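An overview of the molecular structure
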Amino acid sequence: MSTKEKVKERVREREAIGFNNEIIVYNDDVNTFDHVIETLVRVCNHTPEQAEQCSLIVHYNGKCTVKTGPIDKLKPQCTQLLEAGLSAEIV
């Protein structure tokens, strides 16, 4: 294995550990658009426009990535989304 391959290998490992995590919110028949929008603004620090766009994507596509980042920052946000009654997971 060359030095170049070893460096690429380390970079891939770092990327897998780093910022490749996402919170995905899924569509449901329970929550209103207003509730989803307010929750995304409060928990994910979205602007009202960004939260509205995410809620529409969730509605029409069934899911939407609402936040990306390191797992330690996403876990508390995902927990808050779940506590607010939204269907969400970290992938």
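So, a few notes on the structure that sits alongside this text. Quick caveat, the model's predicted, so the values are computed rather than measured.

It is worth spelling out the packing of helix 2 (residues 33–44) against helix 3 (residues 48–61) at this point. Running from amino to carboxyl end, helix 2 crosses helix 3 at an angle of 130°, the nearest separation of the two axes being 8 Å. For the element pair helix 2 / helix 3, the angle class is oblique. The handedness of the crossing between helix 2 and helix 3 is right-handed. The segment helix 2 lies against helix 3, with Phe33, Val36, Ile37, Leu40 and Val41 engaging Pro48, Ala51, Glu52, Cys54, Ser55, Leu56 and His59.

Let us look at helix 4 (residues 71–83). Compared with an ideal rise of 1.5 Å per residue, which puts 13 residues at 18 Å, helix 4 spans 18 Å between its outermost C-alpha atoms and is within 8% of the ideal. As for helix 4, its buried residues are in contact with strand 1 (21–26), helix 2, strand 2 (63–69) and strand 3 (87–90). Looking one or two places after helix 4, you find glycine 85, whose phi comes out positive at around 95°.

Analysis parameters
- Residues numbered from 1 in each chain as written.
- Predicted model: local features only at pLDDT ≥ 70, side-chain atom pairs only at ≥ 80, totals over all residues.
- Heavy atoms only, no water.
- Axes fitted to C-alpha atoms, helices over the stretch in contact; angles between N-to-C directions.
- Helix = DSSP H or I, 4+ residues; strand = E, 2+ residues; numbered from the N terminus.
- Parallel < 35°, antiparallel > 145°, perpendicular 65-115°, else oblique.
- Left-handed = near helix turned anticlockwise from the far one by under 90°.
- Contact = heavy atoms within 4.5 Å.
- Expected span 1.5 Å × (residues − 1).

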